[in-house]
Amino acid sequence: MYFASITRVCLGCTVCTICMLFSRHKVCCLLHFVPRMSREQQAVALARKAFETGRSKSLEHRIRQLKNLQRLFTERQKEISNAIKKDLNKSEVGAQLYETLGLEGEISLAISKLKEWAAPRPVQKNLLTLSDTVYIKPEPLGVVLIIGAWNYPWAVTIQPLIGAIAAGNAAVVKPSEVCVHTAKVMEELLPLYIDKELYPVVTGGVPETQELLRQRFDHIFYTGNSMVGKVIMEAAAKHLTPVTLELGGKSPCYIDKNCDISIACRRVAWGKYTNCGQTCIAPDYILCEASIHDRVIEEVKKAIKEFYTDNPKACPDYGRIINQRHFKRIMALLENSTIAVGGDNDESNCYIAPTVLCDVKPEAKVMQEEIFGPVLPILTVSGLDEAIKFINKGEKPLALYVFTPDDKVIQRMIDETSSGGLLANDCLVHYSVSSLPFGGVGNSGMGCYHGKFSFDQLSHLRSCLLKKLNMEGVNSMRYPPHTPKKLGWARFFILKTVDLGWIGRMALFAVLTAVAAVVLQVMLNIITTFYCGGT
C-alpha cells in the first residue's frame, strides 16, 4: 500500500522505487515536484549566477569581451550580411554601412574610453565636506534584458549590448524573431565570441518574450514601437525594473521655400527610402508651402531615379518590406490618397516602390500612425508658424528635420518644438555621432544611449562620501539643541560650494584656515558659556 501510494504520486518512477528501498523517497518525490525551468528562466538564472561570480566587473574582462565582439564583425561579416540579405534584401555593402560599421566604431570607442568612464568621478563640494572624499562611482546594475528590433537587427541589438558589457553587466539578448535568419545567426555566433553564460541569447516569438518579461531583471532595454513599449513598461513595473524604451513616431520634415530644394529633397529621399523606409528616424512626412509643393515632388522623384534607377525592384540597393503582414499594413495606409510618384507593389515579393503622396490632408489614414515604409506624404502649410503648430499637435517625435538656410528658422524649431533629436539640413546622420545621446521623449521613448551615454544608462552612478572621525567640533552646528546661531553657521557651510579645479592650493589653504578659525571660535563659545553658566 505504501509503495503504491508513492509510485502514484511520482508517476511510477523507477528512481523513486529505488529511493524508497533506501528510505529516501520523500527527498526524491520533492525533487520530482520542482517545476521544470523554462529555457528563458534558465538563461536568466545562468546570467545572474555568472554575474554573481564578479568576473564581469573586471575592466580587463570587459575589454576582452568587447575585443572578441569586434573580432566577430571582422571574421563573420559574410554570414551576417547573407542573413540580412535574406531578411531585408540589403546588399552586403549596405549591411556593413548601416549595420556593422557603426558597431565597430562604438566598440573601439568603448575600449579606448572604458577606464575613463568607469573611474570615480570627483564632484563639487561645499565647505562642510571640504576635507571629505566625495565622488560618484559607476557600478554595474546586474542582469540586463535587451530586446532588439527587426529593421536594423544587428545595430539596435548589439549597440545596447556594447554598453551593457562596458558597464560590467550580464545581459540576456533577445533578437527579433521577425528577422528569422539574422536571429539564427546571432544565436549561433555570439556564444562563439563572447561569454555565453554572461550574455546568453534567447530566440523565439511572443511567448518567449512574455516568459522573459515575467523574470526579474535589473534593467530592460527595448527597441520597437510604442504599443509594445507600454507592455514592456507594465511588465517591468511589477519588479520596479527601470527601462530604456527606444520607440519611434511620425518624424516631421519641414522644407523652407528659401532653401536649395533640390539638395533638400535629395537628402530627404535618402533618409526616407533607405532600408525601404523601415527606419525609426526616417522622415515620416513633409511640411512645405503650397508654392513649392510640386517642385518638392519633382525633386524627390529625380532623387529616387538617381538612387534606385527607373526600376527600383531590380536595384540591389533597394530593400523589401520585412513580411507580408507589414506589406498589407502599409498598403492599407494608401487608401483614399493621391499617388504622385511610385505606388507599384508586389505582395509575393514584399515589394513597395518608393512612393510619394500629394495633397494629403491631416485627417488622412496615412497620417494617423507611423508609416515605417517607403511612403512619403506631403502636406502644405502656410509657413513656419503653421508648421510648428502642426508638429506640436502630435506626439513628440523621435526626430525632427528642418531644411532652411535661415538660422532663425532653425532656432525657432529648436525653441518652440520638442523631439528626441533635431537635425537641420540633413537626415538620419545624427544617429552616427557617438557623442550625441540617441533617444526619444514622451511617446517616442525614454532614456538614451550611444557612446558614454550607453555606459551611463546601464550603470548605477553610486554616490560616495568618505569622512574621518575627526573635526567633530564642526558638527556641533547640526547637533541639538538647535539655535538661530547654529542655523546661520550651517547656512554658510552648506550653501557655499567649492570648485577645487580653479581655486588651487593657496585658496584651499585659506579656506581650511578659516574653517579652523570657525571651529576654534565655536569651541571657545562653548567653553565660555559653560564657565559663565557655572558661576
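A quick note: this is a predicted structure, and the numbers were derived from the prediction, not measured. (Residues numbered from 1 in each chain as written. Predicted model: local features only at pLDDT ≥ 70, side-chain atom pairs only at ≥ 80, totals over all residues. Heavy atoms only, no water.)

Colleague: Quick question: what am I supposed to make of the pattern of salt bridges here?
Modeller: Between side chains of opposite charge, a pair can form when the charged atoms approach closely. For the coordinates displayed, the defined rule picks out 29 salt bridges. Among the salt bridges present, the one from R55 reaches E197, with a minimum N-O distance of 2.8 Å. Within this pair, whereas R55 is found in the loop between helix 4 (39-52) and helix 5 (59-75), its partner E197 is found in the loop between helix 9 (180-193) and helix 10 (206-213), the two being separated by 142 residues in sequence. Between K78 and E92 there is a salt bridge, and its shortest N-O distance comes to 3.2 Å. With K78 in helix 6 (residues 77-88) and E92 in helix 7 (residues 92-118), the pair connects residues that are 14 residues apart, well separated along the chain. (Salt bridge = Lys/Arg side-chain N within 4 Å of Asp/Glu carboxyl O. Helix = DSSP H or I, 4+ residues; strand = E, 2+ residues; numbered from the N terminus.)

Colleague: Looking at this structure, how should I read the UniProt feature "active site" (unreviewed entry) in the chain?
Modeller: Look at the UniProt record and you will see "active site" (unreviewed entry) annotated at E246 and C280. Look at the named residues: they lie 35 residues apart in sequence, but the longest C-alpha span between them is just 9.1 Å, so in the fold they bunch up. Along the polypeptide, E246 turns up in strand 7 (residues 243-246). You can call E246 buried: its relative accessible area is 2%. The topology assignment puts C280 in the loop between helix 12 (261-273) and strand 9 (285-288). When its relative accessible area of 17% is taken as the criterion, C280 is described as buried. Contact partners of C280, with chain neighbours within four places excluded, come to N151, L247, G248, S251, E370, F372, L398 and F438. (UniProt positions renumbered as here; feature names shortened; annotations may be inferred. Buried < 20%, exposed > 50% of the residue type's maximum accessible area, 1.4 Å probe, protein only. Contact = heavy atoms within 4.5 Å.)

Colleague: What's the story with the pairing of strand 5 (residues 170-174) in this structure? I'm lost.
Modeller: Along a regular strand, successive side chains alternate from one face of the sheet to the other. Most of strand 5 is tucked away, with five of its five residues classed as buried. Across the two faces of strand 5 the burial is the same, with A170, V172 and K174 and A171 and V173 all buried. A crossover connection joins strand 4 (residues 143-147) to the parallel strand 5 through helix 8 (residues 155-166); in handedness this β-α-β unit is right-handed. (Right-handed = clockwise from strand over helix to strand, strands pointing away.)

Colleague: In this structure, what is going on with the side chain of E40? I would like to understand it.
Modeller: By secondary structure assignment, the location of E40 is in helix 4. Of the residues examined, E40 reaches a relative accessible area of 7% and is grouped as buried.

Colleague: Would you take a moment to explain the sheet that holds strand 7 for this structure?
Modeller: Strand pairing within a sheet occurs via backbone hydrogen bonds; the two strands may be parallel or antiparallel. With respect to topology, five strands assemble into an open sheet ordered 5-4-6-7-17, the strand pairing being mixed. Across the chains shown, the open sheet's two edge strands, defined by having one partner strand only, are strand 5 and strand 17 (445-446). Two strands pair when backbone bridges link them, and strand 4 and strand 5 are joined in this way by five bridges, in the parallel orientation. Looking at the pairing, L145 lines up with V172 of strand 5. Against the sheet, helix 4 contacts strand 4 and strand 5, and its axis sits at roughly 155° relative to strand 5. Sheet contacts for helix 10: strand 4, strand 5 and strand 6 (219-223); angle to strand 4, the most-contacted strand, approximately 155°. (Pairing = 2+ DSSP bridges. Axes fitted to C-alpha atoms, helices over the stretch in contact; angles between N-to-C directions.)

Colleague: Help me understand the packing of aromatic side chains, please; the structure alone is not making it clear to me.
Modeller: Remark: the centre distance and the inter-plane angle together describe each pair of aromatic rings, the angle taken between the planes. The tally for this structure, following the rule as stated, stands at 12 aromatic pairs. Ring centres of Y308 and Y318 lie 5.1 Å apart, and the angle between their planes is 65°; this geometry places the pair in the edge-to-face category. Placement of Y308 in helix 13 (residues 293-308) and of Y318 in the loop between helix 13 and helix 14 (324-333) is noted, with a sequence separation of 10 residues between them. With centroids separated by 4.8 Å and ring planes inclined at 80°, the aromatic side chains of Y431 and F438 adopt a geometry described as edge-to-face. F438 sits in the buried class, given a relative accessible area of 5%. Three or more aromatic residues link up through ring pairs in this structure, and these residues are F221, Y431, F438 and Y449. (Phe/Tyr/Trp six-rings, centres within 6.5 Å; stacked < 30°, edge-to-face > 60°.)

Colleague: Would you explain helix 4 in this entry?
Modeller: Because each turn of an α-helix spans 3.6 residues, side chains separated by three or four positions end up pointing in the same direction. Over its 14 residues, helix 4 extends 20 Å from the first C-alpha to the last, a length consistent with the 20 Å expected when each residue adds 1.5 Å. For helix 4, the complete set of buried residues consists of E40, A43, V44, A47, R48, A50 and F51. For helix 4, the buried positions fall inside an angular range of 165° around the axis, keeping them on one side. Of the residues in helix 4, the exposed ones pointing more than 90 degrees away from the buried face are K49 and E52. Just past helix 4, the residue G54 takes up positive phi, approximately 85°. (Expected span 1.5 Å × (residues − 1). Arc of directions from axis to C-beta.)

Colleague: Quick question: what am I supposed to make of the sheet that holds strand 1 (residues 121-122) here?
Modeller: Ordered by their spatial adjacency, three strands build an open sheet running 1-3-18, and the pairing between neighbours is antiparallel. With partners counted over all chains shown, the strands left at the sheet margins are strand 1 and strand 18 (459-466), one partner each. Of the strand pairs in this sheet, strand 1 and strand 3 (residues 133-140) are connected by two bridges, and their pairing is antiparallel. In the sheet register, R121 faces strand 3, and the bridge partner there is I136.

Colleague: Explain the nonpolar core to me, please; I cannot follow it from the model alone.
Modeller: Within soluble globular proteins, side chains that are nonpolar tend to cluster in buried spots. Ranked by internal contacts, the top residues of the largest apolar core, which has 138 residues, are W154, I158, I255 and V296. Composition of this core by domain shows at least three residues from each of domain 1 (39-248 + 456-460) and domain 2 (252-440). Not counting residues within four places of it along the chain, the set of residues in contact with I255 comprises C265, V268, I286, L287, C288, I292, V296 and F403. Formed by six residues, the second largest nonpolar core is a distinct cluster that contains L130, V474, M477 and F493. (Core = buried A, V, L, I, M, F, W, Y, C linked by side-chain atoms within 4.5 Å. Domains from an automatic or database assignment.)

Colleague: Sorry, what's going on with the packing of helix 5 against helix 7 here?
Modeller: The angle between the axes and the distance between the axes are what describe a pair of packed helices. It is at 10 Å that the axes of helix 5 and helix 7 come closest, and there the two elements cross at 170°. On the basis of the axis angle, helix 5 is roughly antiparallel to helix 7. The way helix 5 lies across helix 7 gives a crossing that is left-handed. Contact with helix 5, carried on its side by L59, R62, I63, L66, K67, L69, Q70 and F73, involves T100, L103, E104, I107, S108, A110, I111, L114, K115 and A118 of helix 7 and no other residues of that element. Looking at the contact of helix 5 with helix 7 residue by residue, the class counts come to 11 nonpolar, three polar and four charged. (Parallel < 35°, antiparallel > 145°, perpendicular 65-115°, else oblique. Left-handed = near helix turned anticlockwise from the far one by under 90°. Nonpolar A, V, L, I, M, F, W, Y, C, P; charged D, E, K, R; others polar.)

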